[in-house]
Amino acid sequence: MGKQYSEKAYRWNQENYSRQRRFIDIWRFVLTLITGLWLDGKPWSYRGGYTEQKHAYRRKTQAIWIRDTFLDLGPTFIKVGQLFSTRADIFPSEYVEELSKLQDRVPAFSYEQVEQIIQEDLGKPIKELFSAFDPIPLAAASLGQVHKAQLRSGEEVAIKIQRPGLKKLFTIDLKILKGIAYYFQNHPDWGRGRDWSGIYEECCRILWEEIDYLNEGRNADTFRRNFRSYDWVKVPRVYWRYTSSRVLTLEFLPGIKISSYEALEAAGLDRKLIARLGAEAYLQQLLNDGFFHADPHPGNIAVSHQGSLIFYDFGMMGQIKANVREQLMETLFGIAQKDGDRVVTSLIELGALSPVSDMGPVRRSVQYMLDNFMDKPFEDQSITNISDDLYEIAYGQPFRFPATFTFVMRAFSTLEGVGKGLDPEFNFMEVAKPFALEIMTNGNTPDNNSFINELGRQAAQMSSTALGLPQRIESTIEKLERGDLRIRVRSIESDRVLRRLSGIQLGTNYTLLISAFTLSATILFVNGNVLLALVVVLVATVLGFALIRLLRRLDRFDRML
Ligand SMILES: Nc1ncnc2c1ncn2[C@@H]1O[C@H](COP(=O)(O)OP(=O)(O)OP(=O)(O)O)[C@@H](O)[C@H]1O
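Residues numbered from 1 in each chain as written. Predicted model: local features only at pLDDT ≥ 70, side-chain atom pairs only at ≥ 80, totals over all residues. Heavy atoms only, no water.

Quick notes on the overall build of the chain
Counting its regular elements, the chain contains 20 helices and eleven strands. Per-residue burial over the chain gives 45% buried out of 561 residues. Residue pairs in contact within the chain that sit at least 24 positions apart in sequence constitute 67% of those at least 6 positions apart. Of the roughly 29,800 Å² that the chain leaves accessible, carbon and sulfur atoms contribute 56%. (Helix = DSSP H or I, 4+ residues; strand = E, 2+ residues; numbered from the N terminus. Buried < 20%, exposed > 50% of the residue type's maximum accessible area, 1.4 Å probe, protein only. Contact = heavy atoms within 4.5 Å. Areas by Shrake-Rupley, 256 points an atom, 1.4 Å probe, with all protein chains shown as cover.)

As structure tokens, then:
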């Protein structure tokens, strides 16, 4: 905890939050952000004229300001920011990059508050429950802090205690955020093609789950069960008698953080092996158990002195249904064969893409990406590159990836990053091969074909079909194109008809005005008010010209239809 993060610096750091104060603080942030975004799009707001560099610089400064304000606004926003940092499909890359640096460097709360929460939740004072209790926390985060203690029966435990007043703060903040989501949803520019209400609901669900330690305890138990036959993975046991929704008592399992590369080496551990185990443990969760750690930042994985992996923090877990892993493989094959259509179809079936009426542009973007970035052999692809490319496609499109999908991509990239830090030659795809092969062969032991051979075989199959049946493929492509085209032509036609209709309406208005003005001019003239009559005639003439122009335009429209 740095000195600059003193308790006084944070207005949110208290037990009793004022709804009005939060309302003002949060909306002030939103309004400043909206003004900034509005100015971004106005070339006159750039001193010395608009340039791409100035625009990029502004975005970057804005992103840093958003990150700092989120930290100032407290736990809800720190968590929301961390969630948003996985959503490169929704937010500009500068924002995502800054938000991923959002760490909860926040002050710890006092030992007196810890005592009070334990007394309230477990019904007895610390002294009666534990034979030792370290008043200085091992770690302090935005939602809670961890203290080391010892049970009366002798076991060493790590106790996670929730920040006081968190439920109240979440209730107030999430209500205000609902209003903000509603505002953005109904905004003519920012609401179009974006499901802000859906994003809000998703955030709410994840945040409430994260502060229910009973839920976290259950997740830890499931995770532990899934790994019970693996002696190289350790998951802390939950002491349910000392656990409540705000207090989680776990078996104490110390370790060296997986990202402390030098410390691992100093302890005589094999960095290459740890990198491989990390990836394997994750693939096991994802592809075999279907229950995975959705927040695998390096702080949540440690290595014991015996070399086994230790997982902490089960507040955010993802679930993947059984049929999904086959679909994941289908996507992988689509990518390997550079088949945009197959990738799009499998992503739709995965629920990673929501079908829109005209999938043509999406398919074309995917195909473009496959044609352009797949110049390296499949094995040499990096997960981070693949996910960056996918996000680039998704950003600005009227669809979004479901949270589970972005969590998986994020987890893969994180593990790839940590893996490369541990072992510069580490290749995630290499580790994934046997898992993928097992799924492809439905658990049958594969023959001596490697994963890449299998991909090659499928690709060869595809190209021989292409050679044998050029006619059919061509006609299929033609049909596809015609499908796109028809949708586009129809939309242009209806667009024209609508424009013509509004033109006709405008013409009627002009005609009415001209008649009214001519009538007024005549009455004025008859009554001897010549000058005023002339002015009115002038206005009627201008309107007359406008009407003639409009009629000519409508005539052009008619010829086009
Ligand atoms: N069972 C345990 N044994 C030893 N140390 C632990 C244990 N559980 C947690 N810790 C330590 O406390 C730290 C924080 O734990 P955890 O990540 O569960 O807290 P958190 O409040 O959810 O933090 P985050 O903001 O990262 O989600 C861990 O990184 C680890 O160093």
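Additional details are given in the paragraphs that follow.
Focus: the sheet that holds strand 5 (residues 233-234)
Read from one edge of the open sheet, four strands run 5-10-9-7, paired in mixed fashion. The sheet is open, and its two edges are formed by strand 5 and strand 7 (256-257), each paired on a single side. Across two bridges, the pairing between strand 5 and strand 10 (residues 309-311) is parallel. Bridge assignment links Val-233 to a residue of strand 10, and that residue is Leu-309. Contacting strand 5, strand 9 (301-303) and strand 10, helix 11 (residues 271-289) runs over the sheet at an angle of about 45 degrees to strand 10. (Pairing = 2+ DSSP bridges. Axes fitted to C-alpha atoms, helices over the stretch in contact; angles between N-to-C directions.)

Re the pairing of strand 4 (residues 156-162)
The buried fraction of strand 4 is high, at six of seven residues. Summarising the sheet, strand 3 (residues 144-151) and strand 4 pair through seven bridges and their orientation is antiparallel. When the sheet's bridge partners are listed, Gln-145 is paired in strand 4 with Ile-161. With antiparallel pairing between neighbouring strands as the criterion, strand 3 and strand 4 make up a hairpin whose turn holds four residues, including Gly-154 at a positive phi of roughly 105 degrees.

A look at the packing of helix 2 (residues 52-73) against helix 3 (residues 75-84)
Across the interface, helix 2 lies against helix 3 with an axial gap of 5 Å and an inter-helix angle of 140 degrees. One finds that helix 2 runs oblique with respect to helix 3. Of the residues in helix 3, those in contact with Phe-70, Leu-71 and Leu-73 of helix 2 are Pro-75, Phe-77, Ile-78 and Gly-81. (Parallel < 35°, antiparallel > 145°, perpendicular 65-115°, else oblique.)

A look at the pattern of salt bridges
Going through the model one piece at a time under the given rule, you end up with 23 salt bridges. Between Arg-59 and Glu-94 there is a salt bridge, with the nearest N and O atoms lying 3.8 Å from each other. You can see Arg-59 sitting in helix 2 and its partner Glu-94 sitting in helix 4 (residues 93-99), a full 35 residues away along the chain. Among the ionic pairs, Lys-160 bridges to Asp-313, the shortest N-O distance being 3.5 Å. Of this pair, Lys-160 sits in strand 4 while Asp-313 is found in the loop between strand 10 and strand 11 (317-319), placing the two residues 153 residues apart along the sequence. (Salt bridge = Lys/Arg side-chain N within 4 Å of Asp/Glu carboxyl O.)

Let's talk about a positive patch on the surface
Together, Arg-19, Lys-168, Lys-175 and Lys-178 make up a region of like positive charge exposed at the surface. Per element, the largest residue contribution to the positive patch is three residues, and it comes from helix 7 (residues 166-185). Looking at the element boundaries, Lys-175 is found in helix 7. (Patch = residues over 30% accessible without salt bridge, like charges linked within 9 Å, V, L, I, M, F, W, Y side chains within 5 Å. Lys, Arg positive; Asp, Glu negative; His and termini not counted. Charge placed at Lys NZ, Arg CZ, Asp CG, Glu CD.)

A look at a nonpolar patch on the surface
Taken together, the side chains of Val-497, Leu-498, Leu-501 and Ile-504 present a nonpolar region at the surface, about 360 Å² in accessible area. Topologically, Val-497 is positioned in helix 19 (residues 470-526). A relative accessible area of 40% means that Val-497 is categorised as partly exposed.

Section: the packing of aromatic side chains
Here the structure, examined in full by the defined rule, presents 22 aromatic pairs. Where Phe-130 meets Tyr-242, the ring centres are 5.7 Å apart and the plane angle is 40 degrees; that geometry is what we call tilted. Note that Phe-130 is positioned in strand 1 (residues 130-133) and Tyr-242 in the loop between strand 5 and strand 6 (247-251), a separation of 112 residues in sequence. For the pair shown, Phe-130 and Tyr-242 are each scored as buried. (Phe/Tyr/Trp six-rings, centres within 6.5 Å; stacked < 30°, edge-to-face > 60°.)

Observations regarding the side chain of Ser-308
Here Ser-308 is to be found in the loop between strand 9 and strand 10. Excluding its chain neighbours within four sequence positions, the residues that come into contact with Ser-308 are Asp-231, Trp-232, Val-233, Lys-234, Ala-302 and Val-303.

With respect to the UniProt feature "transmembrane region" (unreviewed entry) in the chain
Per the UniProt annotation, the sites labelled "transmembrane region" (unreviewed entry) are residues 506-525 and 531-551. For residues 506-525, the helix share is 100%, the strand share is 0%, and the end-to-end C-alpha distance is 28 Å. Taken end to end, residues 531-551 comprises 100% helix and 0% strand; its first and last C-alpha atoms sit 30 Å apart. (UniProt positions renumbered as here; feature names shortened; annotations may be inferred.)

Comments concerning helix 9 (residues 213-226)
An ideal rise of 1.5 Å per residue puts 20 Å on 14 residues; helix 9 measures up with 20 Å between its terminal C-alpha atoms. Of all the residues in helix 9, the buried ones are Tyr-213, Asn-215, Glu-216, Gly-217, Asn-219, Ala-220 and Phe-223. The N-cap of helix 9, judged by a side-chain oxygen 3.1 Å from the amide nitrogen of Leu-214 a few residues on, is Asp-212. (Expected span 1.5 Å × (residues − 1). Polar contact = N/O pair within 3.5 Å; in protein donor to acceptor, adjacent residues only side chain to side chain.)

Describing the confidence of the model for the chain
Here the chain averages 81 in pLDDT, and 78% of its residues register 70 or above. When mean pLDDT is taken per element in the chain, strand 6 scores highest with 98 and helix 18 (residues 451-468) scores lowest with 48. The low-confidence segment residues 445-451 (pLDDT under 50) makes ten contacts with residues lying over four places distant or belonging to another chain. Between residues 460-473, whose pLDDT stays under 50, and residues either more than four places distant or in other chains, the model counts four contacts. Across the interface, the model reports ipTM at 0.96; the global pTM reads 0.70. (pLDDT = per-residue confidence, 0-100.)

A look at the state of the cysteines
Across all of its chains, the model carries zero disulfides by this definition. Cys-204 takes part in no disulfide bond, and the closest cysteine sulfur, belonging to Cys-203, lies 7.4 Å away. (Disulfide = S-S within 2.5 Å.)

Comments concerning the environment of Ser-45
Residue position: Ser-45 is located in the loop between helix 1 (19-40) and helix 2. Aside from chain neighbours lying at most four places away, what touches Ser-45 is Leu-39 and Arg-58. Of note is the side chain of Ser-45, whose polar atom sits 2.8 Å from the backbone oxygen of Leu-39.

A word on the packing of helix 1 against helix 2
The N-to-C vectors of helix 1 and helix 2 enclose an angle of 175 degrees; their axes lie 11 Å apart at closest approach. When the interaxial angle is binned, helix 1 and helix 2 end up roughly antiparallel. Residue-level contacts link Arg-22, Asp-25, Ile-26, Phe-29, Thr-32, Leu-33, Gly-36, Leu-37, Leu-39 and Asp-40 of helix 1 to His-55, Arg-58, Gln-62, Trp-65, Ile-66, Thr-69, Phe-70 and Leu-73 of helix 2. Looking at the contact of helix 1 with helix 2 residue by residue, the classes come out as nine nonpolar, five polar and four charged. (Nonpolar A, V, L, I, M, F, W, Y, C, P; charged D, E, K, R; others polar.)

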